[in-house]
Amino acid sequence: MAVTGAERPRRHPRGRGGQRHAGRLRRGLRRPGRRGGARRRGARHGVPPAGSPDRRWRRAGGGRVGGPRGPGERPAGLGGRAPPAALTGGPGGPGGPGGPGVANHRLWNRDPGGSWAPGDGPLYCSIPVLLGLHGDGAVLAFYENPSDATVRVAQGWAELDFAGGMLRHYVAAGPLPVVLDRYTALTGRPPLPPRWALGYHQSRWGYRTEEEVQAVADGFRADGLPLSALHLDIDHLDRFRVFTVDRVRFPDLPGLADRLAARGTRLVAIVDPGVAADPGDDLYRDGLSGGHFVTGPDGSPAGGGGWPGPVAYPDFTAPATRRWWAGQYRRLAEHGIAGAWHDMNEPTSLSLIGDRTLPPDARHDAEGRGADHRRCHNVYGLLMDRAGWEGLTALRPDRRPFVLSRSGWAGVQRWAWNWTGDAESTWEGLAQQVATVVGMGLSGVAFTGPDVGGFSGAPDPELYLRWLELSVLLPFCRTHSALSSPPREPWRFPEPYRTAIGRLVRLRYRLLPY
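Residues numbered from 1 in each chain as written. Predicted model: local features only at pLDDT ≥ 70, side-chain atom pairs only at ≥ 80, totals over all residues. Heavy atoms only, no water.

S.K.: Explain the pattern of salt bridges here, please?
M.R.: Where charged atoms from two side chains of opposite charge come close, those side chains can pair. According to the stated counting rule, one finds 25 salt bridges in the structure shown. Asp-238 is paired through a salt bridge with Arg-239; the nearest N and O atoms lie 3.3 Å apart. A residue is classified by how much of its surface remains accessible, and Asp-238, at 27% relative accessible area, is partly exposed. The exposure class of Arg-239 is exposed, given its relative accessible area of 52%. Here the salt bridges share partners, and the residues they tie into one network are Asp-111, Asp-343, Glu-346, Arg-356, Arg-406 and Asp-422. (Salt bridge = Lys/Arg side-chain N within 4 Å of Asp/Glu carboxyl O. Buried < 20%, exposed > 50% of the residue type's maximum accessible area, 1.4 Å probe, protein only.)

If you want it as structure tokens, here you go:
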């Protein structure tokens, strides 16, 4: 099985899947110094040349591909990573998961657990796109396989080892902008976003009441600062249940949304995939009767832990479930919510031990073919994003939808923006954001950025200011922090930082026309 953000490539009558789409990558590409351009197979990026005696990659149920890298080649890509943008290891050669000088990168979407630092991984959004950057061009290889995989890179070679699935791949060569253009022609390009999404966003886990949210908006107005969006974290939910509103703490959310929209500020609400496994919950009952949840081997919903307690997970690999979930976004629209913020969609199950996700033997529909969670895990967030984007589009066909997602896979740029998750609030964490954002961009996801100041920690005024200096120049600019972190509204900082922060926020808007 291979599920992507693009339409599935048609099979050649002789069984060569993806040949027609590969042709799209071939057209107009020329590898520097060679005739022909893009190739279906070759030694670079672990694609064995024709006639190679190494046939390990042909084995059923996954496989390994490996080969030498060109002189001076700088590897990059693979989605959101915590190492430097160049993924190179040191001297060494094949020889297992370790080995001297070997950099190992796992392709498995994962929540690291509240905070991540440089060198941690895997992170939330793995994308099997590997680039080789050269002084005279680039080579891009896209492996259309969402299975768990390990990529090993050293100075002279690279190797990819997939735990399952097929080894269908696409290779393009040429100038870097051209190969990225051909890759997004295959997997999809981001649609034009709403203009307000390009402005400044303010968020915090801890805006507990309607009055607090209104006070934040009033503070920006008092300081004469523009504010395009305020994000509502789990605090606004009724018992932390998805698509609900706590009527005590947020008694008039539509009224709040209208007042803020009149000032040019939109509300964005968090949406987690976990549905409270409570027979008294209408969304759970509806999902259960419609057969919309991921199941265990016995056919009952595969359980996990979420903010509401025990939860069930919608099976976004089923078209009917995506339509059902898309229909739930009307609950957001009825409260004046302008955008959706998808969190915990790796998917993550809150657990103190083991892999923080669904059991490996959990069953998915997989577009009617059936598969276990090991095959569907990495596309879970991608397909949730698709459902959310399609739901908002259907509700408001005259408006551009906005979906922000922590997780995804190849093609996620068609349906969602991305942020780099729960980065630690340190100088090292700030420096790492440059490499992580660049890595996402080189993997086809242009609209991304970090939480300004880092999610977990208490940045001093100097660190926050420097982080904001970076973020106002990135596609996505949002301040967000954990419940345990001090508030970060601009007026919380002393002078001269308060004035400097305001100047940077205004700079963001002066740059918008460009």
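From this point, the discussion proceeds with the structure in view.
S.K.: Would you explain the confidence of the model for the protein in this entry?
M.R.: A low pLDDT means the predicted coordinates there should not be read in detail. Mean pLDDT for the protein: 87, with 85% of residues reaching 70 or above. Per-residue pLDDT stays below 50 along residues 90-97; that stretch engages in 17 contacts with residues further than four places along the chain or on separate chains. (pLDDT = per-residue confidence, 0-100. Contact = heavy atoms within 4.5 Å.)

S.K.: What should I look at first to understand the side chain of Asp-451 in this one?
M.R.: Examined against the element boundaries, Asp-451 turns out to sit in strand β21 (residues 451-452). By relative accessible area, Asp-451 is classed as buried at 1%. (Helix = DSSP H or I, 4+ residues; strand = E, 2+ residues; numbered from the N terminus.)

S.K.: Sorry, what's going on with the packing of aromatic side chains here?
M.R.: Aromatic rings in a pair are described by how distant their centres are and how their planes are angled relative to each other. Applying the stated criterion to the full structure yields 20 aromatic pairs. Each ring, one from Phe-316 and one from Trp-325, has its centre 5.5 Å from the other, and the planes form 80°; the classification is edge-to-face. A single burial state applies to Phe-316 and to Trp-325, both of which are buried. Between Phe-316 and Tyr-380, the aromatic rings sit 5.0 Å apart at their centres with planes inclined by 65°, giving edge-to-face as the arrangement. Residue Phe-316 is found in the loop between β14 (309-312) and α6 (319-327), and its partner Tyr-380 is found in helix α9 (residues 380-395); the two are separated by 64 residues along the sequence. For the residue pair Phe-316 and Tyr-380, the accessibility class agrees, reading buried in each case. Clustering of aromatic rings is evident, with ring pairs tying together Phe-243, Tyr-284, Phe-293, Phe-316, Trp-324, Trp-325, Tyr-329 and Tyr-380. The ring of Trp-341 has Arg-478 lying over it, and the distance from NZ or CZ to the ring centre is 4.6 Å. Its guanidinium or amino end placed over the ring of Trp-419, Arg-478 lies 5.1 Å from that ring's centre, counting from NZ or CZ. (Phe/Tyr/Trp six-rings, centres within 6.5 Å; stacked < 30°, edge-to-face > 60°. Lys NZ or Arg CZ within 6 Å of the ring centre and 35° of its normal.)

S.K.: What am I meant to see in the nonpolar core here?
M.R.: Ranked by size, the top nonpolar core spans 86 residues in total, and within it Leu-267, Trp-325 and Leu-468 carry the most contacts. Of the residues forming this core, the biggest block, six residues, is contributed by α9. Those residues in contact with Leu-267 that lie beyond four places of it in its chain are Val-213, Leu-230, Leu-232, Leu-253, Leu-256, Ala-257, Leu-260, Ile-337, Ala-338 and Gly-339. Counting residues in hydrophobic clusters, the runner-up holds 16 residues, among them Val-65, Leu-107, Val-139 and Val-171. (Core = buried A, V, L, I, M, F, W, Y, C linked by side-chain atoms within 4.5 Å.)

S.K.: Any chance you could explain the packing of helix α3 (residues 210-222) against helix α4 (residues 253-262) here in plain terms?
M.R.: Two numbers describe how α3 lies on α4: the axes approach to 11 Å, and their chain directions differ by 5°. For the element pair α3 / α4, the angle class is roughly parallel. Every residue of α4 that contacts α3 at Glu-210, Val-213, Gln-214 and Ala-217 is listed here: Leu-253, Leu-256, Arg-259 and Leu-260. (Axes fitted to C-alpha atoms, helices over the stretch in contact; angles between N-to-C directions. Parallel < 35°, antiparallel > 145°, perpendicular 65-115°, else oblique.)

S.K.: In this structure, what is going on with the sheet that holds strand β11 (residues 266-271)? I would like to understand it.
M.R.: Within a beta sheet, neighbouring strands are joined by backbone hydrogen bonds and run either parallel or antiparallel to one another. Pairing is parallel across the open sheet formed by nine strands, whose spatial order is β20-β19-β18-β15-β11-β10-β9-β22-β21. Only two strands of the sheet have a single neighbouring strand rather than two, namely β20 (448-449) and β21. Relative to strand β19 (residues 417-419), strand β18 (residues 403-405) runs parallel, the two sharing two bridges. Paired with Leu-404 across the two strands is Trp-417, which belongs to β19. (Pairing = 2+ DSSP bridges.)

S.K.: I would appreciate a short explanation of the sheet that holds strand β6 (residues 149-153) in the present structure.
M.R.: Taken together, the four strands give an open sheet; going across it, the order is β1-β7-β6-β3, and neighbouring strands pair in antiparallel fashion. Looking at strand neighbours, the two that pair on one side only are β1 (63-68) and β3 (103-107), the edges of this open sheet. Taken pair by pair, the neighbouring strands of this sheet meet at an average axis angle of 10°, ignoring direction. Of the pairings in the sheet, the one linking β1 to strand β7 (residues 157-162) comprises six bridges and is antiparallel in character. Bridge pairing in β7 places Val-65 opposite Leu-160.

S.K.: Honestly, unusual backbone geometry in this entry has me stumped. Any pointers?
M.R.: A negative phi angle characterises most non-glycine residues, just as the trans form characterises most peptide bonds. Following Gly-121, the chain continues to Pro-122 via a peptide bond in cis, the omega torsion being 0°. Among the secondary structure elements, Pro-122 is positioned in the loop between β3 and β4 (126-134). Omega for the bond connecting Glu-495 with Pro-496 falls within 30 degrees of zero, at 5°, which places this linkage in the cis form. Within the secondary structure layout, Pro-496 lies in the loop between β22 (477-479) and α12 (497-511). With a phi angle near 70°, Leu-78 is a residue other than glycine that sits in the positive phi range. With respect to the secondary-structure elements, Leu-78 resides in strand β2 (residues 74-79). Leu-78 gets classed as buried once you look at its relative accessible area, which sits at 1%. Of note in the backbone geometry, Arg-239 takes a positive phi value of approximately 55° without being a glycine. Note on placement: Arg-239 falls in the loop between β10 (229-232) and α4.

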